[in-house]
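Structure at a glance
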Amino acid sequence: MEKQRTIIGEWLQNKCQLEKETLLSELGQKMHKSNDMPVEGMIEQLAAGLMVACADELGLSPMELTGLLRSPRKDALAGLVTVLHTDA
């Protein structure tokens, strides 16, 4: 099965490892943290932050980027997995 290319995936692919680590660190610092927040909530926040960072760098609003994606939520989560995987 061919891996589907997305705007977020392409954007991340053009980043070096240090840029990805910096991005992940910045996203973690901006996150709203709460002891009673489920892990899924934290993951969703990180994925949303990733989408906002991508949109900013591409000169788009998050809503404009969302309109260009086939599956915005899925694409953002896949991008987050990519960043986390390459960071490991």
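Heads up: these notes are all about the structure in this document. (Residues numbered from 1 in each chain as written. Predicted model: local features only at pLDDT ≥ 70, side-chain atom pairs only at ≥ 80, totals over all residues. Heavy atoms only, no water.)

1. Some details on the overall build of the protein
So the rule is basically this: Going along the chain from the N terminus, every DSSP run of H or I of four or more residues is numbered as a helix, and every run of E of two or more is numbered as a strand. C-alpha atoms define the radius of gyration in this analysis, and the globule rule sets the expected value at 2.2 Å times the number of residues to the power 0.38. Note on exposure labels: buried denotes an accessible area under 20% of the residue type's maximum, exposed denotes more than 50%, and partly exposed covers the range between, all computed with a 1.4 Å probe on protein chains only. Note on definitions: a residue-residue contact is assigned when non-hydrogen atoms from the two residues lie within 4.5 Å. Note that His is not counted, nor are the chain ends; the positive residues are Lys and Arg, and the negative ones are Asp and Glu. Here the site of a charge means NZ on Lys, CZ on Arg, CG on Asp, or CD on Glu.
From N to C terminus, the protein includes five helices and zero strands. Secondary structure elements in the protein, listed N-terminal to C-terminal, are α-α-α-α-α. Against the 2.2 N^0.38 benchmark of 12 Å for 88 residues, the protein shows a C-alpha radius of gyration of 13 Å, consistent with a compact globule. By its C-alpha atoms, the protein is 35 × 30 × 25 Å across when sized along the principal axes. Looking at the protein residue by residue over its 88 residues, the buried ones come to 30%. Here the contacts in the protein between residues at least 6 apart in sequence split such that 67% fall between residues at least 24 apart. For the protein, the separation between the mean place of its 9 positive charges and that of its 13 negative charges on side chains is 4 Å.

2. Details of the layout of surface pockets
Quick note on the threshold: Here a cavity denotes a set of grid points, spaced 1 Å apart and computed over the protein atoms alone, in which a 1.4 Å probe fits but from which it cannot get out, and a pocket denotes an open set meeting protein on both sides within 12 Å along at least five of seven lines; residues with an atom within 4 Å of a point are reported as lining. Grid points are joined across faces, edges and corners, and a volume is the space filled by probe spheres set on the points. Asp, Glu, Lys and Arg are counted as charged, while Ala, Val, Leu, Ile, Met, Phe, Trp, Tyr, Cys and Pro are counted as nonpolar; the rest, among them Gly, fall into the polar class.
Counted as a void, the second largest pocket has a volume near 260 Å³. Every residue lining the second largest pocket is counted, 16 residues in all, and those nearest its centre are Leu23, Leu27, Lys30, Gly49 and Ala53. Elements with a minimum of two residues in the lining of the second largest pocket: α2 (17-30) and α3 (39-57). Here the element with the most residues in the lining of the second largest pocket is α3; it accounts for seven residues. Classifying every residue of the lining of the second largest pocket gives seven nonpolar, three polar and six charged.

3. Side note on α2
What counts is decided by this rule: To estimate how far a helix should reach, multiply one less than its number of residues by 1.5 Å. When we speak of the arc, we mean the arc of directions from the helix axis to the C-beta atoms.
If you check α2, its first and last C-alpha atoms are 20 Å apart, about what 14 residues at 1.5 Å a residue would give, namely 20 Å. Looking at α2, one finds that the buried residues are Lys20, Leu23, Leu24 and Leu27. Each buried residue of α2 sits inside an arc of 95° when the element is viewed along its axis, so together they form one side. For α2, the exposed residues set more than 90 degrees away from the buried face come down to Leu18 and Gln29.

4. Here's the deal with the pattern of salt bridges
Using the following cut-off: Salt bridge, as used here: a side-chain nitrogen of Lys or Arg that lies within 4 Å of a carboxyl oxygen of Asp or Glu.
All chains considered together, the criterion is met by two salt bridges. Across the salt bridge formed by Glu57 and Lys15, the nearest N and O atoms sit 3.0 Å from each other. Residue Glu57 is located in helix α3, and its partner Lys15 is located in the loop between α1 (7-13) and α2; the two are separated by 42 residues in the primary sequence. Given the relative accessible area of 13%, Lys15 is considered buried.

5. Digging into the nonpolar core
Applicable threshold: Note on terminology: a nonpolar core comprises buried Ala, Val, Leu, Ile, Met, Phe, Trp, Tyr and Cys residues joined through side-chain atoms within 4.5 Å.
Counting residues in each nonpolar core, the largest one holds 19 residues, and the members touching the most others are Ile8, Trp11, Leu12, Leu23, Leu50 and Leu65. When contributions to this core are tallied by element, the ones reaching two or more residues are α1, α2, α3 and α5 (72-87). The element contributing the most residues to this core is α3, with seven residues. The contact partners of Ile8, leaving out residues within four places of it in the chain, are Leu50, Met51, Cys54, Leu65, Leu69, Asp75, Ala76 and Gly79.

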